[in-house]
Amino acid sequence: MSALSITRKWRRLDEPGLEILHLQPDDDGILALATVVHAGAEAFGLSYLWQLDRDWRTHRLELHLASPTVETLQIERSGEGWQVNGRPRPDLAECDEIDLSATPFCNTLAMHQLQGPGELTTLYVDLPSLQLLPSRQRYTMLDKNRWRYTDLGIAKGFEADLEVDDDRLVVTYEGLFETLD
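Everything quoted here is computed from the prediction, not taken from an experiment. (Residues numbered from 1 in each chain as written. Predicted model: local features only at pLDDT ≥ 70, side-chain atom pairs only at ≥ 80, totals over all residues. Heavy atoms only, no water.)

## Digging into the overall build of the protein
A tally of regular secondary structure across the protein gives one helix and 15 strands. Taken over the C-alpha trace, the protein has a radius of gyration of 15 Å; the compact-globule value for 181 residues is 16 Å, and the two agree within 12%. Principal-axis analysis of the C-alpha atoms gives the protein an extent of 40 × 40 × 35 Å. Expressed as a percentage of the 181 residues in the protein, the buried residues total 44%. The long-range share in the protein, meaning contacts at least 24 apart out of those at least 6 apart in sequence, stands at 40%. (Helix = DSSP H or I, 4+ residues; strand = E, 2+ residues; numbered from the N terminus. Rg over C-alpha atoms; globule rule 2.2 N^0.38 Å. Buried < 20%, exposed > 50% of the residue type's maximum accessible area, 1.4 Å probe, protein only. Contact = heavy atoms within 4.5 Å.)

## Overview of the state of the cysteines
Counting across every chain of the model gives zero disulfides. The thiol of Cys 95 is unpaired, and the distance to the nearest cysteine sulfur, on Cys 106, comes to 13 Å. Cys 95 sits in the buried class, given a relative accessible area of 4%. When its relative accessible area of 5% is taken as the criterion, Cys 106 is described as buried. (Disulfide = S-S within 2.5 Å.)

## Details of the side chain of Thr 58
Here Thr 58 lies in strand S5 (residues 58-66). Residue class for Thr 58 comes out buried when judged on its relative accessible area of 2%. In terms of polar contacts, Thr 58 uses its side chain to reach the side chain of Trp 50, at 2.8 Å. Those residues in contact with Thr 58 that lie beyond four places of it in its chain are Trp 50, Gln 51, Leu 52, Arg 77, Trp 82, Glu 97, Ile 98 and Leu 109. (Polar contact = N/O pair within 3.5 Å; in protein donor to acceptor, adjacent residues only side chain to side chain.)

## Considerations on the packing of aromatic side chains
The full count for this structure, using the stated rule, is six aromatic pairs. Measuring from centroid to centroid gives 5.5 Å for Tyr 48 and Trp 50, while their planes differ by 85°, and the two rings are edge-to-face. The exposure class of Trp 50 is buried, given its relative accessible area of 0%. Through successive ring pairs, a cluster of aromatic residues spans Tyr 139, Tyr 149, Phe 158, Tyr 173 and Phe 177. (Phe/Tyr/Trp six-rings, centres within 6.5 Å; stacked < 30°, edge-to-face > 60°.)

## Remarks on the nonpolar core
Counting 49 residues, the largest nonpolar core has Leu 46, Tyr 48, Trp 50 and Phe 105 as the members making the most contacts within it. Residues contacting Trp 50, with those up to four places away along its chain left out, are Ile 30, Leu 31, Ala 32, Thr 58, Arg 60, Leu 61, Ile 98, Leu 100, Thr 103, Phe 105, Cys 106 and Leu 109. (Core = buried A, V, L, I, M, F, W, Y, C linked by side-chain atoms within 4.5 Å.)

## Remarks on the environment of His 22
The topology assignment puts His 22 in strand S2 (residues 17-26). His 22 gets classed as partly exposed once you look at its relative accessible area, which sits at 35%. When the C-alpha positions of His 22 and Ser 5 are compared, they lie 7.1 Å apart, and in sequence the two are 17 residues distant. Apart from the residues lying within four places of it in its own chain, the contact partners of His 22 are Ile 6, Thr 7, Leu 31, Ala 32 and Leu 33. A distance of 2.9 Å separates polar atoms of two side chains, one belonging to His 22 and the other to Thr 7.

## Considering the pattern of salt bridges
Under the criterion given, the structure shown has 11 salt bridges. The partner of Glu 178 in a salt bridge is Arg 11, and the shortest N-O contact between them spans 2.6 Å. In this pair, Glu 178 sits in strand S15 (residues 177-180) while Arg 11 sits in strand S1 (residues 6-12), placing the two residues 167 residues apart along the sequence. A residue is classified by how much of its surface remains accessible, and Glu 178, at 24% relative accessible area, is partly exposed. Arg 11 sits in the partly exposed class, given a relative accessible area of 35%. Linking Glu 119 and Arg 136 is a salt bridge whose minimum nitrogen-to-oxygen distance equals 3.5 Å. Of this pair, Glu 119 sits in strand S10 (residues 118-125) while Arg 136 sits in strand S11 (residues 132-143), and the two are 17 residues apart along the sequence. One network of salt bridges, with partners in common, ties together Glu 119, Arg 136 and Arg 138. (Salt bridge = Lys/Arg side-chain N within 4 Å of Asp/Glu carboxyl O.)

Remember that the coordinates give geometry; whether it matters functionally is a separate question.
In structure tokens form, the structure reads like this:
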């Protein structure tokens, strides 16, 4: 990522929704701040603060969800795996990275972690339920700025092509998200 801050806006294609993401470098890596408004059948509002290291790996994710009550969830990488709201979650130890269902930003993290085509297990965060489950994913590089995402876990068989920029931020996510200028 460049030393400058980045703002990305996505709109949903399958249901009404919008996300505004701000990325900014900080002393420890990258800070991602976002607001998501999902106005579909299960409407919710979400804000998140995602702290990443210099290699785009999650250090901590803090979620604030309004649906219809306000809930907060903190997920933090620890030496033994993951902690959720300060408690160890050994059932999630195999997870390499977080997949937050309401945003294409998490695909960026997976692609940075893999550094090319491959598979990884994610800590899938379903919204608005906040259910946490391990889920296996595959990323296939089609060319420099095009990838194919294949779900091998929670939504087994789901595939979508992703167009990304040079920072691997999603520009279009087939059938789900597209960037707004």
